[in-house]
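Architecture at a glance
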Amino acid sequence: MNKSPDAFKTISEVAEDLDLPQHVLRFWETRFTQIKPMKRGGGRRYYRPLDVELLKGIRHLLYDQGYTIKGVQRLLRENNAQFIIALGNGDVAAVEAITRQKQATAAQDAAIDDYDPEEQRQSSGGRKLFGLLRGDEEGPMGADSKRLNKDNRTLLQEALFDLLECKRLLDQVR
């Protein structure tokens, strides 16, 4: 007998659906605070449908995309669980929508915080390769020289989503 898609699932059902051992799911609960199965008497775990979708996304990133646990934790921290779920489902439209929304929010925050009318008047030209907005001396790295600046990160995310869309189209053809 199959359960409704909205029904809670036991750890054995989720492990079978994801083709993972149960101990891996228990381990992931310790590493990803977003996974919170309901526990009943005797410690039996029941996973909500969103928990299962998040686990699918995490599995996809770890096993199919080659991310590390720290990498997935960072993605969860920087984005949200819906982003991971969309990636796991291959829902490129949802991933792009979440990214656009995040970029728009960040751009609004930056515009409010960083608006300087004098700098606007002195600014020369538009966007250059790798998102350099000021002079060439700034380079593609941020101020701390260890991380990409926001513009370059945005361009890399856009390239990633373009590649994911290409992969999705190729998978459809195969």
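Predicted model, so just to flag it, every value in this text is computed and none were measured. (Residues numbered from 1 in each chain as written. Predicted model: local features only at pLDDT ≥ 70, side-chain atom pairs only at ≥ 80, totals over all residues. Heavy atoms only, no water.)

**So, the packing of helix H1 (residues 11-18) against helix H2 (residues 22-31)**
How two helices pack is summed up by the angle between their axes together with the distance between the axes. To keep it simple, the criterion reads: Inter-axis angles, ranging from 0 to 180 degrees, are taken between N-to-C directions of lines fitted to C-alpha atoms, where helices are fitted over the stretch in contact. Secondary structure is summarised from DSSP: a helix means a run of H or I of at least four residues, a strand means a run of E of at least two, and numbering begins at the N terminus for each. The scheme is simple: roughly parallel for angles under 35 degrees, roughly antiparallel for over 145, roughly perpendicular for 65 to 115, oblique for anything else. Any two residues whose heavy atoms approach within 4.5 Å are treated as being in contact.
Between H1 and H2, the least distance of the axes is 9 Å, while the angle of their chain directions is 105 degrees. Comparing their axes, H2 and H1 come out roughly perpendicular. Counted together, Ile11, Ser12, Val14, Ala15 and Leu18 of H1 and Gln22, Leu25 and Arg26 of H2 form the full contact between these two elements.

**Focus on the packing of aromatic side chains**
Using the following cut-off: Only Phe, Tyr and Trp rings are paired, with Trp represented by its six-membered ring, and only when their centres lie within 6.5 Å; those with planes under 30 degrees apart are stacked, over 60 edge-to-face, the remainder tilted. Burial here depends on accessible area, computed with a 1.4 Å probe over protein chains only, as a share of the maximum for the residue type. Under 20% is buried, over 50% is exposed, and the range in between is partly exposed.
Tallied over the full model, the rule gives one aromatic pair. Ring centres of tryptophan 28 and tyrosine 63 lie 6.2 Å apart, and the angle between their planes is 45 degrees; this geometry places the pair in the tilted category. Here tryptophan 28, found in helix H2, pairs with tyrosine 63, found in helix H3 (residues 49-64); they are 35 residues apart in sequence, far enough to count as distant. The exposure class of tyrosine 63 is partly exposed, given its relative accessible area of 45%.

**Details of helix H4 (residues 69-78)**
What counts, and what does not: Throughout, the arc means that of the directions going from the helix axis to the C-beta atoms.
Listing the buried residues of H4 in full gives Gly71, Val72, Leu75 and Leu76. End-on, the buried residues of H4 take up no more than an arc of 140 degrees, which puts them together on one face. The exposed residues of H4 that point more than 90 degrees off its buried face are Lys70 and Arg77. Elements that come into contact with the buried residues of H4 comprise H3 and helix H5 (81-89).

**Remarks on unusual backbone geometry**
One non-glycine residue, aspartate 19, lies in the positive phi region at around 55 degrees. In this structure, aspartate 19 sits in the loop between H1 and H2. Classification of aspartate 19 as exposed rests on a relative accessible area of 63%.

**Some thoughts on the environment of arginine 45**
Put simply, the rule is: The definition of a polar contact used here is a pair of N or O atoms within 3.5 Å, where within protein one atom must be able to donate a hydrogen and the other to accept one, and adjacent residues in sequence count solely through side-chain atom pairs.
Assignment of secondary structure puts arginine 45 in strand E3 (residues 45-47). Separated by 37 residues in sequence, arginine 45 and phenylalanine 8 place their C-alpha atoms 9.4 Å apart. Apart from the residues within four sequence positions on either side, arginine 45 is in contact with Lys9, Thr10, Ile11, Arg26, Glu29, Pro37, Met38 and Lys39. Looking at arginine 45, its side chain comes within polar contact range of the side chain of glutamate 29, at 2.8 Å.

**What about the pattern of salt bridges?**
Pairing is possible between side chains of opposite charge, provided their charged atoms come close. Formally: One side-chain nitrogen of Lys or Arg within 4 Å of one carboxyl oxygen of Asp or Glu is enough to make a salt bridge.
Taken as a whole and assessed by the stated rule, the structure comprises five salt bridges. Where glutamate 29 meets arginine 45, a salt bridge forms, and the shortest distance between an N and an O atom there is 2.8 Å. Of the two residues, glutamate 29 sits in helix H2 while arginine 45 sits in strand E3, which places them 16 residues apart along the sequence. Exposure class is identical for glutamate 29 and arginine 45. Each is buried. A salt bridge links arginine 74 to glutamate 78; its shortest N-O distance comes to 3.9 Å. Residue arginine 74 and its partner glutamate 78 are both found in helix H4; the two are separated by four residues, about one turn of the helix.

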